[in-house]
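Read off the chains here:
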Amino acid sequence: MFNEMTDKKENENSLDSYTLDELKSVSLPTNLALHAHPIQVEEGKSEYSKTMENLGEVVSELNRRLGDEKCAFGGSMAMYLLWNNLMKEDSSIDIKDRLNERIRGGKNDYDLMLESGRKNSVMEKLGFKDSDMKLERGLVANHMVDILHRPEKRSFPNEKIIIKEQEFYVQNPYDSLFEKLTALAYPQIDDSGNERPKELKWGVDAKLYKLYLQLSDKISEDELNEKLAELWPKYKEETREVRAKETALEMDSGKSAKDIIANMFKMPFSSDEELILKAQELYPNVPTDLIVDLIGSVDKESFVENIMRVFKIMDKESDSYSEMHSKAEENYSVISLEEN
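Quick caveat: nothing in here was measured; it's all calculated off a predicted structure. Within any chain, residue numbers begin from 1 and follow the written order of that chain's sequence. The predicted origin of the model limits local features to residues at a pLDDT of at least 70 and limits the giving and counting of side-chain atom pairs to 80 or more, whereas totals for whole chains, interfaces and linings rest on all residues. No hydrogens and no water enter the side-chain calculation; it runs on all heavy atoms of the structure.

**Observations regarding a negative patch on the surface**
And step 1. A contiguous patch of negative charge on the surface is contributed by D222, E223, E226 and E230.
And step 2. Here a strand is any run of E in DSSP of at least two residues, a helix any run of H or I of at least four, and the numbering for each starts at the N terminus. Inspection of the secondary structure assignment puts E226 in helix α9 (residues 221–248).
And step 3. Only protein chains enter the calculation, and the probe is 1.4 Å; a residue is then buried if its accessible area is under 20% of its type maximum, exposed if over 50%, and partly exposed in between. Taking relative accessible area as the criterion, E226 reaches 53% and is therefore assigned exposed. Candidates for patches are residues over 30% relative accessible area with no salt bridge; among them, like charges are joined within 9 Å and nonpolar side chains (Val, Leu, Ile, Met, Phe, Trp, Tyr) within 5 Å. All accessible-area figures derive from a Shrake-Rupley calculation using a 1.4 Å probe, and residue coverage is judged against the displayed protein chains alone. Salt bridge criterion: a side-chain nitrogen from Lys or Arg within 4 Å of a carboxyl oxygen from Asp or Glu. Within this scheme the basic residues Lys and Arg register as positive and the acidic residues Asp and Glu register as negative, but His and the chain ends are omitted. One atom stands in for each charge, and that atom is NZ of Lys, CZ of Arg, CG of Asp or CD of Glu.

See the structure below:
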């Protein structure tokens, strides 16, 4: 369709989009995930066809149990579903062999994305046991489904797909692409406060998403890059907004602004003065009066407003899209060379 999508890229360790010609002849890197969970495939079936079969079962059961409760798949399952729809729409596009490799080397989790405030009602409708609800994961149509706290962003709405004549939603592909790139560009911290090692699959998926967006939006790679640069500030702003609203939900369980901020700093609750000093130490660019306003927030609305102001100051010197992409590409090149 476009020359940019058929020419061979010179640097295989770059984050340039894959091309259709590449995906016809070049295998994906191995060791994509740190903890791969290959799916079991019966004789005569491919990983891709089995995954679509499994997804059809899960979506059918989710729709039956949830009714109008809107949720969306994120992660690799969202990407597989988007490519599945695109290949059905255009029979000249076929990357099933590469998707087989991606499925073979991945974790293949069923990640269901929704807001924190809806997670309990969704898990109850899915019939999760008390132990499942604590872990936020349980069986749906005999497949393990994880509940992720990923609210939909205004400018990046979830996309409707069709699988086995069932309608469902998946994470917006631009949102997914930015997520993969930022995971490569910046440290990712786990629940214990430790930095997670970067995974090769994040870069592979970013390259696959770039090609998908070019084909689905009928644009060139240069046009895609221009669009990504334009959307990046919106992504950053709405990511801050989502984080602020999710953090403020802790007030629903009776926590005060001071409790929430002390927990963010991983310190036991102490005096206002100590909280302010700790905040000044961690965020020296944030004015003291704003820190005072934040810990004094009396409700969710004022807390969201104040913490958004804090996040905006912290992000004031944040990278442009090109700067972020360069960092992501540098890190991807390093882990690619380590695996080769």
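Next comes the rest of the account.
**Notes on the pairing of strand β5 (residues 159–163)**
And step 1. Two strands qualify as a pair provided DSSP detects at least 2 bridges between them. The pairing of β5 with strand β6 (residues 166–170) spans five bridges and is antiparallel. Following the sheet pairing, E159 is matched in β6 by V170.
And step 2. Count of turn residues in the β5/β6 antiparallel hairpin: two residues, of which K164 carries a positive phi of about 55°.

**Concerning the packing of aromatic side chains**
And step 1. Centres within 6.5 Å are what make two rings of Phe, Tyr or Trp a pair, Trp counting through its six-membered ring; a difference in plane orientation under 30 degrees is then read as stacked, over 60 as edge-to-face, and the rest as tilted. On inspection of all chains with the given rule, the structure shows ten aromatic pairs.
And step 2. For the pair F156 and Y235, a centre-to-centre distance of 6.0 Å together with 85° between the ring planes defines the contact as edge-to-face. With a gap of 79 residues between them, F156 in the loop between β4 (143–149) and β5 and Y235 in helix α9 connect regions that are remote in the sequence.
And step 3. Judged by its relative accessible area of 1%, F156 falls in the buried class.
And step 4. Under the relative-accessibility criterion, Y235 is labelled buried at 6%.
And step 5. Measuring from ring centre to ring centre gives 5.7 Å for W232 and Y235, while their planes differ by 20°; the resulting arrangement is stacked. Of this pair, W232 and Y235 both sit in helix α9, three residues apart, which is roughly one turn of the helix.
And step 6. Overall, the relative accessible area of 4% leaves W232 in the buried class.
And step 7. Through pairs of rings, three or more aromatic residues link up here, namely F156, F178, W232, Y235 and Y321.
And step 8. Remark: a charge is flagged as sitting over a ring if the NZ atom of Lys or the CZ atom of Arg is within 6 Å of the ring centre and within 35 degrees of the ring normal. Sitting over the face of the ring of Y169, K70 holds its NZ or CZ atom 4.4 Å from the ring centroid.
And step 9. Just above the ring of Y18 sits the side chain of K207; from NZ or CZ to the centre is 4.6 Å.

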